[in-house]
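Coordinates in review
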Amino acid sequence: MSVHDQLKNLGITLPPVSVPAAAYVPFVQSGNLIFLSGHIARKDGKAWVGQLGLTMTTDEGKAAARAVAIDLMGTLSAACLAAGKTLDDVKRVVKVLSLVNSTATYTEQHLVTNGCSELIGQVFGPAGAHARSAFGVAQLPMGACVEIELIAELA
């Protein structure tokens, strides 16, 4: 099944690439690798604000990370198009790096990040199995609860 068919089956419509909020570009291609800049969690068109362990539960954080995955795939789709390819040409999602706005005592960043990793796996199948890091941080831009970046390899 194609990536687009899988997205359709999941009821997911990919958003357009977000305009960067600072001095960076949404993605860079180097060789066959595509590096996606960090995407913050958004809800209702605004930063999804919160801190895990204080104002948000792990399940809410996981939902936010899933929302980030959808935005990342929208940007990845644009990056593929810029390279003359489609999401079906993603050979491998190589790495996901997740930053979770959390209290000093919160220790479930890995579970929050599963919201992104699980959706990537559903959409890309075996090519979606990736290396990953999940960090707790004291704050993120605009007070966002989660920020995630991604590296993918094109065929």
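Just so it is clear, the model here is predicted, and its values are computed rather than measured.

Its location among the elements puts D71 in helix α2 (residues 58–82). One buried charged residue, D71, remains without a salt bridge, the closest side chain of opposite sign being R42 at 5.3 Å. Setting aside its immediate chain neighbours within four residues, D71 contacts P15, H39, I40 and R42.

Right, let's talk about helix α3 (residues 109–124) for a bit. The end-to-end C-alpha distance of α3 is 23 Å, a good match for the 22 Å that 16 residues give at a rise of 1.5 Å each. If you look at α3, its biggest bend is around 35 degrees, right at G115. Buried within α3 are the following residues: Q109, V112, T113, G115, C116, S117, L119, I120, V123 and F124. Against the buried residues of α3 lie α1 (3–9), α2, β5 (90–101), β6 (131–137) and β7 (146–154).

This next bit is on the sheet that holds β5. Across the sheet, five strands lie side by side as β1-β2-β7-β5-β6; this open sheet has mixed pairing. Both outer strands of the open sheet, β1 (27–30) and β6, are each paired with one neighbouring strand and no more. Across the sheet, the mean angle separating the axes of adjacent strands is 15 degrees when strand polarity is ignored. With six bridges joining them, strand β2 (residues 33–40) and β7 adopt antiparallel strand pairing. Looking at the pairing, I34 lines up with A152 of β7.

Next up on the list: the nonpolar core. Formed by 38 residues in total, the largest nonpolar core has its most connected members in L76, V90, F124 and L150. At the level of elements, α1, β2, α2, β5, α3 and β7 are the ones that each hand at least two residues to this core. The element that contributes the greatest number of residues to this core is α2, accounting for 10 residues. For V90, the residues in contact, after removing those within four places along its chain, are L76, C80, F124, A127, A152, E153 and L154. Within the second largest apolar cluster, five residues are counted, among which are I40, V137, L140 and A144.

A few words now on unusual backbone geometry. Within the chain, D44 stands out as a residue other than glycine whose phi angle is a positive 55 degrees. For M142, which is not glycine, the phi torsion reads 60 degrees and is therefore positive. As for its placement among the helices and strands, M142 is situated in the loop between β6 and β7.

Rules used throughout
- Residues numbered from 1 in each chain as written.
- Predicted model: local features only at pLDDT ≥ 70, side-chain atom pairs only at ≥ 80, totals over all residues.
- Heavy atoms only, no water.
- Helix = DSSP H or I, 4+ residues; strand = E, 2+ residues; numbered from the N terminus.
- Buried < 20%, exposed > 50% of the residue type's maximum accessible area, 1.4 Å probe, protein only.
- Lys, Arg positive; Asp, Glu negative; His and termini not counted.
- Salt bridge = Lys/Arg side-chain N within 4 Å of Asp/Glu carboxyl O.
- Contact = heavy atoms within 4.5 Å.
- Expected span 1.5 Å × (residues − 1).
- Bend = angle between axes of the 7 residues up to and from the residue.
- Pairing = 2+ DSSP bridges.
- Axes fitted to C-alpha atoms, helices over the stretch in contact; angles between N-to-C directions.
- Core = buried A, V, L, I, M, F, W, Y, C linked by side-chain atoms within 4.5 Å.

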